[in-house]
Amino acid sequence: MLSIPAHWHVHIVFVIIAVAALLMATNRVRYDMIAIMVMLALMLTGVTTVGSALSGFGNTVVVLIAGLLVVGEMLDRTGVARFVGDWIADHSQGSKTKLLIMLMLACAMLSAVMSSTAVVAIFIPIVMRIARHTANNPGKLLLPMSYAALVSGMLTLIATPPNLVISGALSSQGFQPLGFFSFSIMGAVVLAGLMVYMVSVGKHWLPDSGKDETLSVQRTIQALWDEYRVNRELVYLQIGPDSPLHGKTIAQSELYNRHGLRILDLSQRVRGWRELKAGVSPDIVLHSDDVLHVAIPADQLDTVKQTYQLFGFHPSQLEAQYRSWEFGAVSVLIHPESRLIGKTIRETRFRDRYGLDVFGVRRNRASVEQFQDLILQPSDSLLVTGPWAKITHLQQQNHDFVVLEKPAEASEVVPAFQKMPVALGITALMVLSSVFNWMPLVASVLIAALAAVVTRCLSAADAYRAIHWQSLVLLAGMLPLADALQQTGGTTLIVESLLHVAEGASPQTLLVMVFFITALLTNILSNTASAVLMAPIAISLAQQLGVSPYPLALTVLFAASAAFMTPIASPIVTLIVEPGKYRFSDFIKLGTPMLLWVFACCYLLIPLFFPW
């Protein structure tokens, strides 16, 4: 360790900041590696102790983000994120402009009443899902979403910690603290400007680097269905109140033997809720009001409806989504050493053995129409349908089958969609705990992450895999730098120098100075640290001038949330760097106009709503 005089420490910190910023700007070194180098520089130069240099790993914010990433993974694996993503994508009606607006509004509104970092962590899988669903580049969506979360800090008192810091500083000086919606109108103007900016100019500046060009386009189940020329229709039928099927088992109904109708899955009411049964067996008893998902020859559909009093049924979006997560199809090839060779589909008792149905056979690249009594040969391909769990088990029979093609729906399957109500309950309790301050936020998040594993919404291994370690190392490595800047007097030196330049200036000029000092600190340090430093300075300046402290205090509040220009300025922004594949220059280019917009709103609106 180098022995460097203490009075040089502040200069060393400035050099470390400059070098780190330069390395990030070149985009040639991983951000987490830069963070580790920062920690080593602080240790080896003696600016901080070893414990202080590593203290970021025990910081509440780092633990909070790790827990929130687990919660976000829970919402993804239980289908909440995908359902929300589908809803937004469907209601955007193919319009990228409408999609951007809906994403930013949803993120900003949620972030206004709960942790913005939590919302971004939850929304990342939602945005990735939307990007895949709509063939959009995730890099075009993640940054506007995170900027909306930043702006949410300007909407309500509890949206971000700096707001509470500033309100507390006012109260400690004998002034009335800020109300819950004291500055919401101004924040709404900033949010409206963000949306206009992103759907007009900003969307053209967003990078294309988030798109993975190596992904191949998979065909859908319907495409496989068409390729095998399956001469059946997939329809939903509901059993009427007077249907002769009521009280009979599937085997007793003889629907398949008489009409060629195959029940793929069905849903029955159980204690008021519809319960989906994908792997149907012959002994299941049918009841009126049951909904059957069937494959039936087109010429038999009307006859079956009339004979058995069945009615067409249109499932809700959620029901249709559940079925796509439970029921699927795959194309498999008969292995040359398969036990099925020389037997027909009937003789193999395929449904009884594997719990799956064969709906098509191709031989020599041509579909076979009457395949039930076809003697199977090596290299015959089968279109197999049924529960995804059964399909997965079939894939493991690699001495009998070789998977030819998995449809696009296979990658969209949610492994724990039955736990969606549990996941929603866990998330709701976490949000309520945050809103009403029942316990520290980090405790609420850790309880939610633990509950996700205990309730089997995801496994412990999945929880660890969900954590973006690069983002955590980046944040943990840079936090001690902010502490070092403050402890060595670097922050005080910057602020005092700038205040000396503005001595004798008008209140409006001081507003400009306070905004840019706070914004500079926010984009280098954290928003909370900049608010802690600048709030008492802004209030003292106002008192010396004999004017109201609220305009300058609100200026600090807005500038503290304007962390648009660097990827380390806020966890809200740090989280999207890896999934969006953003560069340092992207934040400078996109963030500078937003910073100027926030400044314009402060300069024009704060004195209007909070007179001097």
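Starting from 1, residues in each chain are numbered consecutively following that chain's sequence as written. Predicted model: local features are reported for residues with pLDDT of at least 70 only, side-chain atom pairs are reported and counted for 80 or more only, and whole-chain, interface and lining totals are derived from all residues. Based on all heavy atoms of the structure, the side-chain values leave hydrogens and waters out of the count.

1. Structural notes on the sheet that holds strand E7 (residues 357-363)
For step 1, the next point in the chain: Pairing is antiparallel in the open sheet, where five strands are placed in the order E8-E7-E9-E6-E10. Either end of the sheet is taken by a strand with one partner, and the two such strands are strand E8 (366-368) and strand E10 (401-405). Taking each pair of neighbouring strands and ignoring which way they run, the sheet shows an average axis angle of 40°.
For step 2, the next point in the chain: Being paired, for any two strands, means DSSP has found at least two bridges between them. Secondary structure elements are taken from DSSP: a helix is a run of H or I of four residues or more, a strand is a run of E of two residues or more, and numbering for both begins at the N terminus. The pairing of E7 with strand E9 (residues 381-387) spans five bridges and is antiparallel. Note that in E9 the partner of Gly360 across the bridge is Leu383. Angles here are taken between N-to-C directions and fall from 0 to 180 degrees, while the axes themselves are lines fitted to C-alpha atoms, restricted in helices to the stretch in contact.

2. Let's talk about the sheet that holds strand E1 (residues 232-239)
For step 1, the next point in the chain: Spatial ordering of the open sheet is given by E3-E2-E4-E1-E5, a layout of five strands whose pairing is antiparallel. The strands lining the two open edges of the sheet, one partner per strand, are strand E3 (273-277) and strand E5 (310-312). Across the sheet, the mean angle from the axis of one strand to that of its neighbour is 35°, orientation sign disregarded.

3. What about the confidence of the model for the protein chain?
For step 1, the next point in the chain: The pLDDT value expresses, per residue, how confident the predictor is, ranging between 0 and 100. Residues of the protein chain with pLDDT of at least 70 account for 92%, and the chain-wide mean is 82.
For step 2, the next point in the chain: Any two residues whose heavy atoms approach within 4.5 Å at even a single point are treated as in contact. In the model, residues 212-216 has pLDDT below 50 throughout and makes zero contacts with residues more than four positions away in sequence or in other chains.

4. Side note on the pattern of salt bridges
For step 1, the next point in the chain: In the sections that follow, a salt bridge refers to a side-chain nitrogen of Lys or Arg positioned within 4 Å of a carboxyl oxygen of Asp or Glu. Taken as a whole, this structure holds 10 salt bridges when the rule is applied.
For step 2, the next point in the chain: In this structure, Arg349 engages Asp352 in a salt bridge whose closest nitrogen and oxygen atoms are separated by 2.5 Å. Accessibility assignment for this pair places Arg349 and Asp352 in one class, exposed.
For step 3, the next point in the chain: The closest approach of N and O atoms between Asp357 and Arg351, which form a salt bridge, is 2.5 Å.
For step 4, the next point in the chain: Residue Asp357 is classed as buried on the basis of its relative accessible area of 7%.
For step 5, the next point in the chain: Salt bridges sharing common partners tie together Arg262, Arg351 and Asp357. Burial classification: accessible surface area is computed with a 1.4 Å probe over protein chains only, and a residue below 20% of its type maximum counts as buried, one above 50% as exposed, and the rest as partly exposed.

5. Notes on helix H26 (residues 550-560)
For step 1, the next point in the chain: Among the 11 residues of H26, 11 are classified as buried, and the element is accordingly described as predominantly covered.
For step 2, the next point in the chain: For H26, the set of buried residues is Tyr550, Pro551, Leu552, Ala553, Leu554, Thr555, Val556, Leu557, Phe558, Ala559 and Ala560.

6. Some words on unusual backbone geometry
For step 1, the next point in the chain: The residue Asp289 is not glycine, and still its phi comes out positive at about 85°.
For step 2, the next point in the chain: In this model, Arg349 sits at a positive phi of 50°, which is unusual for a non-glycine residue.

7. Quick look at the packing of H26 against helix H28 (residues 584-609)
For step 1, the next point in the chain: One way to put it is that H26 packs onto H28 with a least axis distance of 10 Å and a crossing angle of 160°. By the angle class used here, H26 and H28 are roughly antiparallel. Crossing handedness for the pair H26 and H28: right-handed. Across the interface between the two elements, Pro551, Leu554, Thr555 and Phe558 of H26 pack against Val598, Cys602 and Ile606 of H28.
For step 2, the next point in the chain: Split into classes, the residues belonging to the contact of H26 with H28 amount to six nonpolar, one polar and no charged. For classification purposes, an angle smaller than 35 degrees is called roughly parallel, one larger than 145 roughly antiparallel, one from 65 to 115 roughly perpendicular, and anything else oblique. By the definition used in this description, the sense in which the near helix is turned from the far one sets the handedness, with an anticlockwise turn below a right angle giving left-handed and a clockwise turn giving right-handed. Any residue that is not Ala, Val, Leu, Ile, Met, Phe, Trp, Tyr, Cys, Pro, Asp, Glu, Lys or Arg is counted as polar, Gly included; the first ten are nonpolar and the last four charged.

8. Thoughts on the side chain of Ser253
For step 1, the next point in the chain: Structurally, Ser253 can be placed in helix H12 (residues 250-253).
For step 2, the next point in the chain: A relative accessible area of 3% places Ser253 in the buried class.
For step 3, the next point in the chain: Non-local contacts of Ser253, meaning those with residues more than four positions away in its chain, are made with Leu245 and Tyr308.

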